[in-house]
Structures are given as C-alpha cells and as structure tokens.
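Structure at a glance
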Amino acid sequence: MDNLLDQPTDDVFMREALRLAQKAFVQEEVPVGAVVVRGGKIIARAFNQVEMLKDATAHAEMIAITQAEAAVGDWRLNDCDLYVTKEPCAMCAGALVHVRMRRVIFGCPDPRSGAAGGALNLLQMESFNHRCEITSGVLMEECAALLQSFFQARRRADVADA
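Residues numbered from 1 in each chain as written. Predicted model: local features only at pLDDT ≥ 70, side-chain atom pairs only at ≥ 80, totals over all residues. Heavy atoms only, no water.

Bringing the packing of helix α3 (residues 60–72) against helix α4 (residues 90–98) into the picture now. It is at 9 Å that the axes of α3 and α4 come closest, and there the two elements cross at 25°. Our classification of the angle between α3 and α4 gives roughly parallel. Once α3 is placed against α4, the crossing between them reads as left-handed. Residues Glu61, Met62 and Ile65 of α3 pack against Met91, Cys92, Ala95 and Leu96 of α4. For the contact of α3 with α4, a count of residues per class yields 6 nonpolar, no polar and 1 charged. (Axes fitted to C-alpha atoms, helices over the stretch in contact; angles between N-to-C directions. Helix = DSSP H or I, 4+ residues; strand = E, 2+ residues; numbered from the N terminus. Parallel < 35°, antiparallel > 145°, perpendicular 65-115°, else oblique. Left-handed = near helix turned anticlockwise from the far one by under 90°. Contact = heavy atoms within 4.5 Å. Nonpolar A, V, L, I, M, F, W, Y, C, P; charged D, E, K, R; others polar.)

Across all of its chains, the model carries 8 salt bridges by this definition. A salt bridge links Glu142 to Arg15, with the nearest nitrogen and oxygen atoms 2.7 Å apart. Of this pair, Glu142 sits in helix α5 (residues 140–161) while Arg15 is found in helix α1 (residues 10–26), placing the two residues 127 residues apart along the sequence. Among the residues examined, Glu142 registers a relative accessible area of 36% and is labelled partly exposed. Across the pair Arg76 and Asp74 runs a salt bridge, and its minimum N-O distance is 3.2 Å. By relative accessible area, Arg76 is classed as partly exposed at 37%. Through salt bridges with shared partners, a single network forms among Glu16, Arg19 and Arg45. (Salt bridge = Lys/Arg side-chain N within 4 Å of Asp/Glu carboxyl O. Buried < 20%, exposed > 50% of the residue type's maximum accessible area, 1.4 Å probe, protein only.)

Our next topic: the state of the cysteines. Taken as a whole and judged by the stated rule, the model has 0 disulfides. Here Cys143 stays unpaired: no disulfide links it, and the sulfur of Cys108, its closest cysteine neighbor, is 5.6 Å away. (Disulfide = S-S within 2.5 Å.)

Now for the side chain of Glu29. In this structure, Glu29 sits in the loop between α1 and β1 (33–38). No salt bridge is formed by the buried Glu29. Its closest oppositely charged neighbour is Lys54, at 7.1 Å. Polar contacts involving the side chain of Glu29 include one to the main-chain amide nitrogen of Glu51, which spans 3.0 Å. (Lys, Arg positive; Asp, Glu negative; His and termini not counted. Polar contact = N/O pair within 3.5 Å; in protein donor to acceptor, adjacent residues only side chain to side chain.)

Structure representation (structure tokens):
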C-alpha cells in the first residue's frame, strides 16, 4: 500500500495543520495550525503560541514562515505553499505577501477579520508587488469544528468563573 505522503494532496497537508491546531487547543491557545510545503515536503510546522510566549505576533503562520525561511536559507518563499486551518489575519497575510508565498491554502474562512477574502483580501491586492494564489475550504468542516469547540469551552469557562 502506498504511503499517503507519496501522493501529497491539499487534504494530507491540511490534516497535518489540523494535528498542530489540536496541540494549540490542548495548550489553551486558539487552535490554529500551519505547515509550509516546498517540493511536496513539509519544511515548517507551527501552531498558535500567543499566550504561551506572551507575544501577539506568535500566530501559527508567522512561526511557520520563520521556520521555513531558516529551512530555505532565504526570506523569499516564492516556491513554497502555506497550509493553515483558518483564514489568515491581516498581519499574517501581509507577511505572506512580503515573503512571496506562492500559494495559501486555508480551511475555514474568517468573515470578520480574515485577510484572504473574508473581511478583505491582502493576498491579492493589485497594488502589491506579489499576489498569492488562494485555495479555501480545504477540510473546512473539521477546521471550523475545532475552533467552535475551543470557543464554546472558553465561553463555558467564562460563565463558570463569573
């Protein structure tokens, strides 16, 4: 039987991002996971660590970008793809354009603050020097369910503390 990673697909890489998002969930971080893929291989893995590091910029995408830059040996990631469980925010979308990420694949949309077509689309702004390809909705139900579960648990905890 062939190994799934012998035939990488968007679903395979998003499942790894979901596994990382679950790690964030367990550590009481907003459950977002991200992987960077180059040449069909994962070169960076990350999950949100904002609370753990006390750093507002410690989003899964930002950490994965830094790891990928180190793996590639350059700040330009134009032959790389980012898989992330939730639509990137404006900060992360700006960084993705800056590093010239080839493709951004995300699970669930964020209509209120997403910057890949939700609230706005920084990834494909005409005036920028680079535009990322976008694929949305990969394993959307699973990605959304994890986030919903996390925030429901947080609301229950907030009510219990009140």
